[in-house]
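# Structural overview for review
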Amino acid sequence: FLETAAYFCMKPKMGEKEVSPHSFFSIWHEFSSDFKDFWKKENKLILQERVKEAEEVCRQKKGKSLYNIRPKHDSGIVSKSCSYT
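The text that follows walks through the structure, step by step, so that each part is easy to find.

Parameters and conventions
- Residues numbered from 1 in each chain as written.
- Predicted model: local features only at pLDDT ≥ 70, side-chain atom pairs only at ≥ 80, totals over all residues.
- Heavy atoms only, no water.
- Phe/Tyr/Trp six-rings, centres within 6.5 Å; stacked < 30°, edge-to-face > 60°.
- Patch = residues over 30% accessible without salt bridge, like charges linked within 9 Å, V, L, I, M, F, W, Y side chains within 5 Å.
- Areas by Shrake-Rupley, 256 points an atom, 1.4 Å probe, with all protein chains shown as cover.
- Salt bridge = Lys/Arg side-chain N within 4 Å of Asp/Glu carboxyl O.
- Helix = DSSP H or I, 4+ residues; strand = E, 2+ residues; numbered from the N terminus.
- Buried < 20%, exposed > 50% of the residue type's maximum accessible area, 1.4 Å probe, protein only.

### With respect to the packing of aromatic side chains
- Applying the stated rule across the entire model yields ten aromatic pairs.
- Aromatic side chains Phe24 and Phe25 sit 5.1 Å apart centroid to centroid with 85° between the ring planes, which places their arrangement in the edge-to-face category.
- Following the ring pairs from residue to residue traces out a cluster consisting of Phe1, Tyr7, Phe8, Phe24, Phe25, Trp28, Phe31, Phe35 and Trp39.

Put into structure tokens, the structure is as follows:
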């Protein structure tokens, strides 16, 4: 524990000889909670951007038709029988 506290440059509070686990972990808990909140917000923003990109790709693909629809020509028995009336 003391090596870890020294690695993070923790110094004991006034009147204490060593860094106490309570003081170290209270700071660590605040840091990790803030980091988790920012991580969730950032992931949410990234997800929203990816959804927008995917929707845009879908819109572009729907705009481009893979096949052409040709109008139906009037031919055959039905068109001939209707033209006499």
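Back to the write-up after that little detour.
### Some details on a nonpolar patch on the surface
- On the surface, a cluster of nonpolar side chains totalling about 1000 Å² of accessible area is made up of Phe1, Leu2, Tyr7, Phe8, Phe25, Trp28, Phe31, Phe35 and Trp39.
- The set of elements that each furnish at least two residues to the nonpolar patch consists of helix 1 (2-7) and helix 2 (21-63).
- It is helix 2 that provides the largest number of residues to the nonpolar patch, a total of five residues.
- For Phe8, the position within the fold is in the loop between helix 1 and helix 2.

### Some words on the pattern of salt bridges
- By the definition in use, this model includes two salt bridges.
- Where Glu55 meets Arg59, a salt bridge forms, and the shortest distance between an N and an O atom there is 3.9 Å. With Glu55 and Arg59 both in helix 2, this residue pair falls four residues apart, about one helical turn.
- Relative accessible area serves as the criterion here: at 52%, Arg59 is assigned to the exposed category.
- A salt bridge links Arg59 to Glu56, with the shortest nitrogen-to-oxygen separation between them at 2.9 Å. Of the two residues, Arg59 and Glu56 both sit in helix 2, three residues apart, roughly one turn of that helix.
- Three or more residues are tied together by salt bridges with common partners; here these are Glu55, Glu56 and Arg59.

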